[in-house]
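# Results of the structural survey
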Amino acid sequence: MAKKSVKMAAALAAVNAYLQQEAEAAYLEQQAMAAAAAKAGPNLWAISGRQEMMSMRRMLQARLF
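Source: prediction; values computed, not measured.

What follows is about the overall build of the protein. Broken down by element type, the protein carries two helices and zero strands. Relative to its length of 65 residues, the protein is extended, with a C-alpha radius of gyration of 27 Å against a globular reference of 11 Å. With the C-alpha coordinates of the protein rotated into their principal frame, the extents come out at 85 × 25 × 10 Å. Classification of the 65 residues of the protein by burial places 2% in the buried group. A total of about 6400 Å² of accessible surface is found on the protein, and carbon and sulfur atoms cover 65% of it. Taken as two groups, the 8 positive and 4 negative side-chain charges of the protein have centres that lie 8 Å from each other.

Shown next as structure tokens:
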């Protein structure tokens, strides 16, 4: 009976260690992606597009068309 519980505890510890490694790897990958995005800076095309949409909306609201 004691051997069975020791084996079960060892198996659960191995699964827990594996899950922790997977979580840590996912966290490190997420941090690396965030660092790469921070280095890239803002997307100027996206900013320009949003600015144009706001300008068109302002013109429509002022009925300049």
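A contiguous nonpolar patch, built from V15, Y18 and L19 and spanning about 310 Å² of accessible area, is present on the exposed surface. By the secondary structure assignment, V15 is in helix α1 (residues 2-40).

Turning next to the environment of A17. As for its position among the elements, A17 is in helix α1. On the accessibility criterion, A17 (36% relative accessible area) is partly exposed. Along the chain, A17 and S48 lie 31 residues apart, while their C-alpha atoms are 47 Å from each other.

The terminal C-alpha atoms of helix α2 (residues 44-61) lie 26 Å apart, and with 18 residues this matches the ideal 26 Å at 1.5 Å per residue to within 8%. Counting buried residues along α2, only one of its 18 residues qualify, which leaves the element largely exposed. The backbone nitrogen of W45 lies 3.1 Å from a side-chain oxygen of the residue at the head of α2, namely N43. Following α2 by one or two positions, R63 has its phi on the positive side, about 55°.

Reading the values: the criteria
- Residues numbered from 1 in each chain as written.
- Predicted model: local features only at pLDDT ≥ 70, side-chain atom pairs only at ≥ 80, totals over all residues.
- Heavy atoms only, no water.
- Helix = DSSP H or I, 4+ residues; strand = E, 2+ residues; numbered from the N terminus.
- Rg over C-alpha atoms; globule rule 2.2 N^0.38 Å.
- Buried < 20%, exposed > 50% of the residue type's maximum accessible area, 1.4 Å probe, protein only.
- Areas by Shrake-Rupley, 256 points an atom, 1.4 Å probe, with all protein chains shown as cover.
- Lys, Arg positive; Asp, Glu negative; His and termini not counted.
- Charge placed at Lys NZ, Arg CZ, Asp CG, Glu CD.
- Patch = residues over 30% accessible without salt bridge, like charges linked within 9 Å, V, L, I, M, F, W, Y side chains within 5 Å.
- Salt bridge = Lys/Arg side-chain N within 4 Å of Asp/Glu carboxyl O.
- Expected span 1.5 Å × (residues − 1).
- Polar contact = N/O pair within 3.5 Å; in protein donor to acceptor, adjacent residues only side chain to side chain.

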